[in-house]
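Residues per chain, in single letters:
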Amino acid sequence: MAQYEYKVIKIPLIQQVYYCSFMSSFGWQVQNIQESVDRVVNRSMGFSHNTNSGRMNATTYFHPYTNSAHTYGYSHNYGWGSQMNTEVTDVETSLTITFFRDAAIPYRNELNEIEKRFFAATPAYLNRCAREDKKNESRWSERQAVQACFTEGNALLKRGKQQSRPQSIPAQVPPKTSETTNQAQPPVPIPADPPSVTIREMEVTHNVFQSNQPGIQIRLNFVIKNRKDIQCRTIVYFYDEKHNPLQDINQRYHTVDNKVSVGSTFKPGFVETYYNNYILFMPYSELDQKDGDYKFSFIAQIYDEVTKTFLATSRSEIFRYSQSGQSMRGETIEAASSQKVTPVRAKATAGTPRKTTPPPQPKPAAIPQRPSFKEYSATFCKNYGWDELTEDRKVFLQGLELWYDGKYAQSLPHFKKAASLNPKEVCYWEFACDQFFYKGQFDEAIAFLQKGLKELGENPRLLYKLGSAFVRKSDPGQAEQIAEKLGKLEGQYNQISYHFLLGDIAMSRKDYKYAIQCFDKADDLRPPEQNKIKGTWQQICRDQMKQEKKSTR
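As for its placement among the helices and strands, S297 is situated in strand β11 (residues 292–304). Overall, the relative accessible area of 2% leaves S297 in the buried class. The contact partners of S297, leaving out residues within four places of it in the chain, are Y237, F238, Y239, D240, H243, S316, E317, I318 and F319.

Among the 13 residues that make up β11, 10 are buried, leaving the element largely enclosed by the rest of the structure. Here β11 runs beside strand β13 (residues 317–324); their pairing, made up of 7 bridges, is antiparallel. Looking at β13, one finds that K295 is bridged to R320. Connecting β11 to the antiparallel partner strand β12 (residues 309–313) that follows it, the hairpin turn spans 4 residues, and K308 within it adopts a positive phi of roughly 60°.

This part covers the sheet that holds strand β7 (residues 213–225). Strand order in this open sheet of 3 strands is β6-β7-β10, and the pairing throughout is antiparallel. Of all the strands in the sheet, the pair left with one neighbour each is β6 (196–210) and β10 (272–283). Ignoring which end each strand starts from, the neighbouring axes of this sheet average 15° apart. One ladder, built from 12 bridges, connects β6 with β7; its direction is antiparallel. In the strand pairing of β7, I199 is matched with F222.

Before going further, it helps to spend a moment on the packing of aromatic side chains. As enumerated under the stated definition, the model contains 48 aromatic pairs in all. Between F222 and Y275, the ring centres sit 5.0 Å apart and the planes meet at 20°, which makes this aromatic pair stacked. In this pair, F222 sits in strand β7 while Y275 sits in strand β10, placing the two residues 53 residues apart along the sequence. In terms of burial, F222 and Y275 fall into one category: buried. Residues Y237 and F310 carry aromatic rings whose centres are separated by 6.5 Å and whose planes lie at 70° to one another, so their mutual orientation is edge-to-face.

Moving on to the packing of helix α12 (residues 492–508) against helix α13 (residues 512–525). At a minimum axis distance of 8 Å, the contact between α12 and α13 shows a crossing angle of 165°. What the angle tells us is that α12 and α13 run roughly antiparallel. Our pair here, α12 against α13, has a crossing hand that is left-handed. Residues Q492, Q495, I496, H499, F500, L502, G503, D504, A506 and M507 of α12 form the contact with α13, whose own contacting residues are Y512, Y514, A515, C518, F519, K521, A522 and L525. Tallied by class, residues from the contact of α12 with α13 come to 12 nonpolar, 4 polar and 2 charged.

Conventions and cut-offs
- Residues numbered from 1 in each chain as written.
- Predicted model: local features only at pLDDT ≥ 70, side-chain atom pairs only at ≥ 80, totals over all residues.
- Heavy atoms only, no water.
- Helix = DSSP H or I, 4+ residues; strand = E, 2+ residues; numbered from the N terminus.
- Buried < 20%, exposed > 50% of the residue type's maximum accessible area, 1.4 Å probe, protein only.
- Contact = heavy atoms within 4.5 Å.
- Pairing = 2+ DSSP bridges.
- Axes fitted to C-alpha atoms, helices over the stretch in contact; angles between N-to-C directions.
- Phe/Tyr/Trp six-rings, centres within 6.5 Å; stacked < 30°, edge-to-face > 60°.
- Parallel < 35°, antiparallel > 145°, perpendicular 65-115°, else oblique.
- Left-handed = near helix turned anticlockwise from the far one by under 90°.
- Nonpolar A, V, L, I, M, F, W, Y, C, P; charged D, E, K, R; others polar.

This is the structure we're talking about:
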């Protein structure tokens, strides 16, 4: 597991963007920002003012025979005065920023030397910024000195990424024959034990700058079990005050149904893997809002891309967001008490002093809770028209309850027994097959499905499952033969299954463009109200195409 090193700097508030931007060029990422009050000065000042004005004119006469004088004249005096006392309080604050980076980052020593030059050149540059207009800043020798460090650091980071990237052989599309496709790498075996995830901590920091964009930094601390080498995803979903998902506009940070989100994929390297600094960053601009003040919330979830299930959900984090032109700012309000995943509250954010007694805030709308198994099973029986619970249905429901609780391996014997008691019930075969898929037992799944097809004839639902089993076994040639049988069957469901299976086969051959066409046809045939995953597989294909382009650069 990666080891991290940390660096803490203390700076004035106005230098936040400068330092965060330049430190990223040496591999540093912001972990936390804390604003603190360094000094409070109270001063009392008094003012007084008085003004007087006057004038005297005099004339003296001396009598030639006497020793006496007579003086006469006039004078004016007028004036005004004022007094004022003023109390002034000066508060000096600073930011303490904690940065982190991988301790094994390539060219670490070279990056450290460039970083030293950056810190040595920074005081001269900042002093000149304080003295002069920055109109011709690019010509300053002081600016050129720090910019050179930024450019060199980014060049080293890029070179390090290229060297650490595994060398990949350009993929060749194999011919559509079973002989060549049998040489494909087998899929990663799926652990028999069910997965589990515990989100131990979620730390939220607002007003963090990354690539010169302000936004929200979300740091997760979680442990995931029984998912070694299985691709998973961390996703953060954003909601408005009424807990409606925010609508995406610019098609950048979004889900397949165009809701605002941010996420990334990961593959645990161990049976029990700890992630202590899993960081996601959401730019405020990607919330896609007009100018104004808002109250939003978000949750983080861990998703298993193999079983297509959510493994864990964080607490709901509520925050204020204000936007005025290019000025964007966020502030944590509270963590919803109903989501007790972790007791740790988000730390104080930059520009937002912690309040010891925050005013009460209205609680957000509750996240829809999963129904109890009693409710779920009642709906299941109603959908299948099971008015009477026969012996085979009782056995199946026992397995269904284990499956609903995530005990997939324990549910399989019940599904198999139900199929043996009543082989004409197709859902028994389907649920049992899914558990074989979950355990990575594709040969067992194929044998089981072939037995079911003998009982039920050319059942389209079991044919589709059998074709999917061959795809997962890396035998697309056999899967194509199953697809041909599906394509000859009439009916909307059969044609949807046919196109979807063709898409699966194309994905296994990395023919993503053709796979997208097949999935589009399947989506067009499915009624909109029944198509909750419309566009999902197309997006997965596009993501795979992007990853392959990056790996060949």
